[in-house]
Amino acid sequence: MKFYETNLLTITCEALAQKTVLDILSKHHVSGYTFYEVEGNGSKNLHGKGINTKNVKIEIVLNRDNLESIAEEITRTMFSDFAIILYVVDAKVIRSEKFA
Amino acid sequence: MKFYETNLLTITCEALAQKTVLDILSKHHVSGYTFYEVEGNGSKNLHGKGINTKNVKIEIVLNRDNLESIAEEITRTMFSDFAIILYVVDAKVIRSEKFA
Amino acid sequence: MKFYETNLLTITCEALAQKTVLDILSKHHVSGYTFYEVEGNGSKNLHGKGINTKNVKIEIVLNRDNLESIAEEITRTMFSDFAIILYVVDAKVIRSEKFA
Amino acid sequence: MGIIELIQSNLLTPVVLFFILGIVAARIKSDLKIPEAISEFLPIYLLAAIGLHGGMEMRTTGFANMLIPLLAAIALSLLMTLNHYQILRRLGKFNIFDSYALASTYGAVGAVTFSVGLSFLKNQGVTSEGFLTAILAVLEPISFVLAIFLTNMAVSKMVQKKRQTLQKDPQNDLSTYAELESGTSHNKSFYHVLRESITGKAIVILLGSIIIGYLVGKEGFLPIKLLFEDLFAGAIVIFLIEMGIIAGRRLDDIKNVGPFLVGFSIVIPTVNGIIGVAVSTFLGLSVGGAVMFGLLLASASFIAAPAVLRTAIPQAKPSLYITSALGITFPYNIIVMLPIMFTISSYLHNL
Amino acid sequence: MGIIELIQSNLLTPVVLFFILGIVAARIKSDLKIPEAISEFLPIYLLAAIGLHGGMEMRTTGFANMLIPLLAAIALSLLMTLNHYQILRRLGKFNIFDSYALASTYGAVGAVTFSVGLSFLKNQGVTSEGFLTAILAVLEPISFVLAIFLTNMAVSKMVQKKRQTLQKDPQNDLSTYAELESGTSHNKSFYHVLRESITGKAIVILLGSIIIGYLVGKEGFLPIKLLFEDLFAGAIVIFLIEMGIIAGRRLDDIKNVGPFLVGFSIVIPTVNGIIGVAVSTFLGLSVGGAVMFGLLLASASFIAAPAVLRTAIPQAKPSLYITSALGITFPYNIIVMLPIMFTISSYLHNL
Amino acid sequence: MGIIELIQSNLLTPVVLFFILGIVAARIKSDLKIPEAISEFLPIYLLAAIGLHGGMEMRTTGFANMLIPLLAAIALSLLMTLNHYQILRRLGKFNIFDSYALASTYGAVGAVTFSVGLSFLKNQGVTSEGFLTAILAVLEPISFVLAIFLTNMAVSKMVQKKRQTLQKDPQNDLSTYAELESGTSHNKSFYHVLRESITGKAIVILLGSIIIGYLVGKEGFLPIKLLFEDLFAGAIVIFLIEMGIIAGRRLDDIKNVGPFLVGFSIVIPTVNGIIGVAVSTFLGLSVGGAVMFGLLLASASFIAAPAVLRTAIPQAKPSLYITSALGITFPYNIIVMLPIMFTISSYLHNL
Ligand SMILES: Nc1ncnc2c1ncn2[C@@H]1O[C@H](COP(=O)(O)O)[C@@H](O)[C@H]1O
Ligand SMILES: Nc1ncnc2c1ncn2[C@@H]1O[C@H](COP(=O)(O)O)[C@@H](O)[C@H]1O
Ligand SMILES: Nc1ncnc2c1ncn2[C@@H]1O[C@H](COP(=O)(O)O)[C@@H](O)[C@H]1O
Ligand code: NA
Ligand code: NA
Ligand code: NA
């Protein structure tokens, strides 16, 4: 079984910021992602489920170039205004062609 | 604190494929796993919540041998028919005996 | 884009143990975490959704010291009484100062 | 009332209008949606309500006059499934998997369609035989099991043939061989599918409620009548908003399913429905009963079908059978076919 | 009606039958389930309905005759908790943790059982005193707090003893020592548990609704009567499907809990329930009131208990207390004990 | 009844009391909560019920007398939004972003407040014009679009100014420049916001239901009246528990929003509401209609606003506009303003 090295970018943010994140992804032609509602606690205290206070976690398997440029854009345009964190983990996949 | 190296296999697929994945796990005598509903976008467009269009994410902490054989079987038997992705991340655990 | 090395600790346990885990986190002055309900299977069979049988997954991005001491306390005080697993993955973040 | 007026007046009921609102919401990409927990609960509720009602009716009318219609429904459903397959495979040139999947989707019955039918009859002031609910429950798994049995047979035959070719071939490719094997092993056994179908939530809650309705009778039902009878029409409306949204999202896929399947999705329910009305009228069912019998045959399954077929015939493309059943046949049935069948049934009963 | 006929007729109510359907669904491994959001909402709804009803009743009847029954209920609940502990520890040979956890599970009360009791009385055409709802609210946390207080005392004593042994021992193992300490620190303080119990959602919604019911009275209640009174019976049916499913999944565990605990789960509610009926009849409660008072004592807690005990006494095995309370005692109470207590209460009131 | 008695009697309705119970539950850190699926579904249900009702009314009364009130409402809403902005920016010293966000939050309308208003009128035995629902639907997006249009203009101007300064400056910092650009690009276009507002679920279900209500009329509504009319009051109660919980959690933030905004959150709805009652009385609306018209202007948006503003003006702090709208203005409106406006409206209509 041959595995190819790639990256898993995870963004956890207030749900009302989800659209902005997905817009950034599509601007960088990344169309594969997974997301789900979560609860959480952080510096901005905007945690918990319920109307307008939900968090969402977005996960994207993507190559180094896209990772760099997307992480850069999110940091620059979103970090100051939204409750948001971002981290990256090394991942291995089988069909590397599937992940832009 | 001593940590043991192991693997975290993640499978994200249409919910209707969950049973098939779990059957493969149990065929390989892997009985520990975690799963939850997610939404997502990918090449097969079968994203979103709602009747018959949900996605599910299945996570399995498991040793190298099981990882290889399970990833192989999923790739061979499921990749062509289902909306599915699979990736692996290196993980560390404390009680290595818990994870087959 | 400069990434800083850090750790992602994941704890999956029966939902009724969540409070105990969060208490341990706050005892170690870790206030950033994300959690969500999951289903799962393991040695303790306490899987599935529904009243009093849910599982929860708690994820914490944190530095090495906190990781060690928190993992140690959870192992010592919780492993024998609860359905619980714990694993660690290497992660990279941009704002290392955000993660205690 | 002529057919056209009946269609018009049916169009102006909350059930149909909220379904259309759901479609519109999906088309303009609104974020309107019914939360999943609600849209998962509603079919259970609807089936419980249908079942209780059917069971209570059967307590008064007995099982005696049920046997013949039940056997007729089973026979017709099986024949139709086989007939769909021939049409799809021969004329439509679909592959074996898609053909069987589609054939059984249309051979099976739709519980949601059935609910809408009951509410349509209520609006017309007409009742139907309680035992039709029991027929609904029995019919549900039948054509799935048939289709999956036949698919497995067909795949086995295919594998055998290819194996012979491979053995003759000196370059005997072992990996191809293994793949074929795995292909078959995939397709779940007849027994497995039967088991899963009848333990599926739809059948369990439907059969269970029929029995409970039978046991408690009209008097025992009284304390829960408000929830399980009076709120029925409102609950359907809520559910149809969600069905409309799902159907609306599928409309884009209609151009991908091709004109043949679009035609199939309209002609087949029309023919099957009319046959159903005629046969059941002949068997002595009431005006409303004949409409519901016809609806059973006209309807396609779009909630249970994907769940069963996706594991049983994974090679079949769900976009085909979900889109045609939910995006075309369901609206066609509740908007057009119900008034048509009602008119035909009334006509036949007045002969 | 004799006891047997009463049990039979109770068996044939939708509430009991849908509970059994849930059990059957779980046993045949059906995927039937009530979505979590619904099954989390229903207890809140049921408690609100019970509370509003109780509060309105108390507005008419006043608090005067409530004090004695309340004190009697508290005293009985505490005595019974201590009694359960002795039985479990001495006769059942359970460890301290399991003994206290089980003792308080059966000393506590079950709001779901209470709801079913109200619907049972309604079927019998009998009413009960409104203040029983207030007793339900007060009783809920009492035996938990007692059990956890006693557990903490017991653990402290244990730790002290071991510490003395360790100190005498030259091989004074520090790690064992640390473990013991952590063992105690684990067990939440008396105050902590009390606080959590009374801010728990069950108590808050129940007490809140009692007060609201009291404040708005029958007239203010009118606009919401449809939801909070007329739909009550239907809502219980839905909830009992889910309870049946959970109970059904637990049935496998029954062989693991052992014959002693199975016996305990049937004998204790029987004895406690009959004592409750007798005492409350003596205190002047009505036929229905005595049944509900008995049911309070007969019932075990299976929704609040695990949530409280899992953090307060983590060493106790939840499979024991959940399985026995939900898998055995709950069905026994709603199917067998309600008719028994009703018969006894009717008999005592006719003396 | 004087204002004080009216406020007192309004305080003792289930709607208000359950809202307060929610606040109390949040304050004592109870785990009481309405599951998300339910609290997401309830606004959809409430809007559908309001819409159906409004549509049916308009079928009888026609559109004729609707135009003037509609235009008046639009004009008032726009004027008020601009007025709020001046007050917040000049007197309150808020930055541009927070000022526009708050201005439009209070210029917009609250559908939940509207529902409570309808239930308040019902308790007073008074009706209101059906077309007010249509005004609610039209008014919803108006002040958002205005605020976002003005914010974008303001930001563009700011960017232009800074650009000029930067160009004059020899140390022309490119990165600052890029940041400014990105700052603007962030703020969504006028058209984009308009599109999102009118495809938002609130508008879609509300307008859709108005049309459906109009089409089906009172007779077609009959089968679903139980769900969409009779259960309305009960559903509001459930929803207000959740609103109370959310408001209760926000109470801590009140000290952070500062005394100016607290004053604003009380004075503005009072003034706007009274203006609304007076203007609409003058325009010939009924006693109840004038109250609802006043309530439209008095209410602030706390469900739709955050969803729109968070993407459209991300620089604005949601803690300001959510806390003031939900934590202060909403309770003030349903507890104090409704009785006040009702008294004023009754007085004006009796002149
Ligand atoms: N250290 C952390 N580990 C895991 N998740 C975190 C952490 N810090 C913040 N989060 C998540 O990110 C969300 C936004 O964080 P913040 O911007 O710090 O409020 C929180 O609500 C959490 O869900
Ligand atoms: N690049 C990606 N990153 C994260 N999740 C993905 C990615 N591509 C696909 N997925 C998930 O996998 C599911 C199936 O993918 P696909 O087979 O490409 O349709 C999608 O619905 C997503 O939930
Ligand atoms: N090997 C595994 N991989 C992923 N999740 C697991 C694994 N083993 C256990 N879990 C999760 O951890 C929970 C508790 O495990 P246990 O204590 O073994 O019952 C299970 O219900 C699963 O959700
Ligand atoms: Na059919
Ligand atoms: Na008890
Ligand atoms: Na306003």
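Below: a short report on this structure. This structure is a prediction, so every number in the text was calculated from the model and none was measured.

Some points on the overall build of chain A
Scanning chain A from N- to C-terminus turns up two helices and four strands. Its helices and strands taken in sequence order, chain A reads β-α-β-β-α-β from the N to the C terminus. Projected onto its principal axes, the C-alpha positions of chain A cover 45 × 25 × 20 Å. With 100 residues in all, chain A has 65% of them scored as buried. Partitioning the intrachain contacts of chain A with sequence separation of at least 6 by distance along the chain shows that 76% fall at a separation of at least 24. Within the structure as shown, chain A displays about 3800 Å² of accessible surface, and the carbon and sulfur contribution to it stands at 49%.

Brief notes about the coordination of the sodium ion (ligand 5)
When a metal carries six donors in an octahedron, the ideal angles between them are 90 or 180 degrees, while four donors in a tetrahedron ideally lie at 109.5 degrees. Residues and elements named next belong to chain E. Protein coordination at the sodium ion (ligand 5) comes from Y106 (O), A108 (O), L296 (O), L297 (O) and S299 (O), with a distance range of 2.4 to 3.1 Å. When the donor residues of the sodium ion (ligand 5) are listed from N- to C-terminus, their spacing reads Y-x1-A-x187-L-L-x1-S. Of this pair, Y106 sits in helix α5 (residues 96-107) while L296 sits in helix α12 (residues 287-298), and the two are 190 residues apart along the sequence. The pair Y106 / L296 is uniform in exposure class, with both members buried.

Things to note about the site of ligand 2
Around ligand 2, 19 residues are found, and the nearest of them are A:T34, A:K98, B:S43, B:K44 and B:N55. At the site occupied by ligand 2, the surrounding residues belong to chains A and B. Residue A:V61 places a main-chain N or O atom 2.9 Å away from a nitrogen atom belonging to ligand 2. The separation between an oxygen atom of ligand 2 and a polar side-chain atom of B:N55 is 2.6 Å. Relative to its free-state accessible area of 480 Å², ligand 2 is covered by the protein chains to the extent of 97%.

Points about the pattern of salt bridges
Enumeration over the complete set of coordinates arrives at 48 salt bridges over all chains. As a salt-bridge pair, B:K92 and C:D90 come within 3.2 Å of each other at their nearest N and O atoms. You can see B:K92 sitting in strand β4 (residues 84-93) and its partner C:D90 sitting in strand β4 (residues 84-93), one on each of two chains. The partner of E:D230 in a salt bridge is E:K225, and the shortest N-O contact between them spans 3.0 Å. For E:D230, a relative accessible area of 29% puts it in the partly exposed group. Through salt bridges with shared partners, one network takes in A:K57, A:E59, B:K57, B:E59, C:K57 and C:E59.

Section: the coordination of the sodium ion (ligand 6)
Residues and elements named next belong to chain F. For the sodium ion (ligand 6), every protein donor is listed as Y106 (O), A108 (O), L296 (O), L297 (O) and S299 (O), and the spread of their distances is 2.4 to 3.1 Å. Sequence spacing of the donors to the sodium ion (ligand 6): Y-x1-A-x187-L-L-x1-S. In terms of burial, L296 and L297 fall into one category: buried.

Structural notes on helix α13 (residues 304-312) of chain E
In terms of residue burial, α13(E) counts as a mostly covered element, since eight of its nine residues are buried. Taken as a whole, α13(E) has its buried residues at E:A304, E:A305, E:P306, E:V308, E:L309, E:R310, E:T311 and E:A312.

Comments concerning the packing of helix α1 (residues 3-11) of chain E against helix α14 (residues 318-349) of chain E
Residues and elements named next belong to chain E. Two elements in contact, α1 and α14, have axes whose closest approach is 9 Å; the angle formed by their N-to-C orientations is 135 degrees. Between α1 and α14, the angle is such that the two are oblique. Here the hand of the crossing between α1 and α14 comes out right-handed. Residues I3, L6, I7, N10 and L11 of α1 pack against I334, I335, V336, P339, I340, F342 and T343 of α14. Classifying every residue of the contact of α1 with α14 by side-chain character gives ten nonpolar, two polar and no charged.

Looking at the interface of chain E and chain D
Contact with chain E, which involves 27 residues of that partner, is made by 24 residues of chain D. Of the roughly 2100 Å² buried between chain E and chain D, counting both surfaces, carbon and sulfur atoms make up 83%. On the surface where chain E and chain D come into contact, there are zero salt bridges. Summed over the shared surface of chain E and chain D, the result is three residue pairs in polar contact (both at pLDDT 80 or more). Of all the secondary-structure elements, those providing two or more residues to the side of chain E that touches chain D are α2 (14-27), α3 (36-61), α10 (201-230) and α11 (232-282) of chain E. Here the element with the most residues in the side of chain E that touches chain D is α11(E); it accounts for six residues. Of the residues in the side of chain E that touches chain D, the class split is 19 nonpolar, four polar and four charged.

Overview of the side chain of C:T34
Relative to the helices and strands, C:T34 is located in strand β2 (residues 33-41). For C:T34, a relative accessible area of 9% translates into the label buried. With near-sequence residues (within four places) excluded, C:T34 lies in contact with A:T12, A:V38, A:E39, A:G40, C:K57, C:I58 and C:E59.

Here we look at the site of ligand 3
Neighbouring residues of ligand 3: 19 residues in total, closest B:T34, B:K98, C:S43, C:K44 and C:N55. In this structure, ligand 3 sits where chains B and C come together, each supplying nearby residues. In the environment of ligand 3, a nitrogen atom lies 3.3 Å from a nitrogen or oxygen atom belonging to the backbone of B:G32. In this structure, an oxygen atom belonging to ligand 3 sits 2.8 Å away from a main-chain N or O atom of C:S43.

Things to note about the packing of aromatic side chains
Evaluated as defined, the whole model comprises 33 aromatic pairs over all chains. The interplanar angle of 85 degrees and the centroid separation of 5.2 Å between the aromatic rings of D:Y106 and D:F264 together place this pair among those described as edge-to-face. Highlighted residues: D:Y106 in helix α5 (residues 96-107) and D:F264 in helix α12 (residues 232-282), separated in sequence by 158 residues. Above the face of the B:Y4 ring, B:K2 is positioned so that its terminal group lies 4.9 Å from the ring centre.

Some details on helix α1 (residues 18-27) of chain B
Three or more residues of α1(B) are buried, namely B:Q18, B:T20, B:V21, B:L22, B:I24 and B:L25. The inward-facing, buried residues of α1(B) contact β1 (4-14), β2 (33-41), β3 (55-62) and α2 (64-78) of chain B together with α14 (304-312) of chain D. Positive backbone phi, approximately 60 degrees, marks B:H29, located one or two places after α1(B).

Quick word on the interface of chain E and chain F
Contacts between the two partners involve 24 residues from chain E and, on the opposite side, 27 residues from chain F. Here chain E and chain F share an interface that buries about 2100 Å² over both sides, 83% of which is from carbon and sulfur atoms. The largest per-residue losses of area from chain E upon contact with chain F belong to E:F41, E:I212 and E:L226, which jointly make up 23% of the total buried on that side. The interface formed by chain E and chain F holds zero salt bridges in total. Where chain E packs against chain F, one counts three residue pairs in polar contact (both at pLDDT 80 or more).

Focus: the relation of the copies chain E and chain F
Expressed as a screw transformation, the operator carrying chain E onto chain F has a rotation angle of 120 degrees and an axial translation of 0.0 Å, and the superposed copies differ by an RMSD of 0.0 Å. Such values leave the two copies arranged in the relation of a three-fold axis. In terms of C-alpha distance to the rotation axis, chain E has E:A37 as its closest residue, with the C-alpha 3.5 Å off the axis. When the interface residues of chain E are mapped onto chain F, a mere 17% of them are again interface residues, pointing to distinct binding faces.

Points about a nonpolar patch on the surface
A surface patch of nonpolar side chains, amounting to about 690 Å² of accessible area, comprises D:L11, D:L12, D:I20, D:V24, D:I28, F:F63, F:I211, F:Y214 and F:L215. Taken together, the elements giving at least two residues each to the nonpolar patch come down to α2 (14-27) of chain D together with α10 (201-221) of chain F. The topology assignment puts D:V24 in helix α2.

Quick notes on the environment of E:S77
Residues and elements named next belong to chain E. Structurally, S77 can be placed in helix α4 (residues 67-91). Using a relative accessible area of 1% as the deciding quantity, one classes S77 as buried. Sequence separation between S77 and Y191 is 114 residues; the distance between their C-alpha atoms is 20 Å. Those residues in contact with S77 that lie beyond four places of it in its chain are G107, L139, I142, S143 and L297.

Reading the values: the criteria
Residues numbered from 1 in each chain as written. Chains lettered and ligands numbered in written order. Predicted model: local features only at pLDDT ≥ 70, side-chain atom pairs only at ≥ 80, totals over all residues. Heavy atoms only, no water. Helix = DSSP H or I, 4+ residues; strand = E, 2+ residues; numbered from the N terminus. Buried < 20%, exposed > 50% of the residue type's maximum accessible area, 1.4 Å probe, protein only. Contact = heavy atoms within 4.5 Å. Areas by Shrake-Rupley, 256 points an atom, 1.4 Å probe, with all protein chains shown as cover. Donors = N, O, S within 2.8 Å, 3.2 Å for Na, K, Ca; no water. Near = heavy atom within 4 Å. Polar contact = N/O pair within 3.5 Å; in protein donor to acceptor, adjacent residues only side chain to side chain. Salt bridge = Lys/Arg side-chain N within 4 Å of Asp/Glu carboxyl O. Axes fitted to C-alpha atoms, helices over the stretch in contact; angles between N-to-C directions. Parallel < 35°, antiparallel > 145°, perpendicular 65-115°, else oblique. Left-handed = near helix turned anticlockwise from the far one by under 90°. Nonpolar A, V, L, I, M, F, W, Y, C, P; charged D, E, K, R; others polar. Buried area = accessible area lost by both parts, 1.4 Å probe. Phe/Tyr/Trp six-rings, centres within 6.5 Å; stacked < 30°, edge-to-face > 60°. Lys NZ or Arg CZ within 6 Å of the ring centre and 35° of its normal. Least-squares fit on C-alpha atoms with pLDDT ≥ 70 in both. Patch = residues over 30% accessible without salt bridge, like charges linked within 9 Å, V, L, I, M, F, W, Y side chains within 5 Å.

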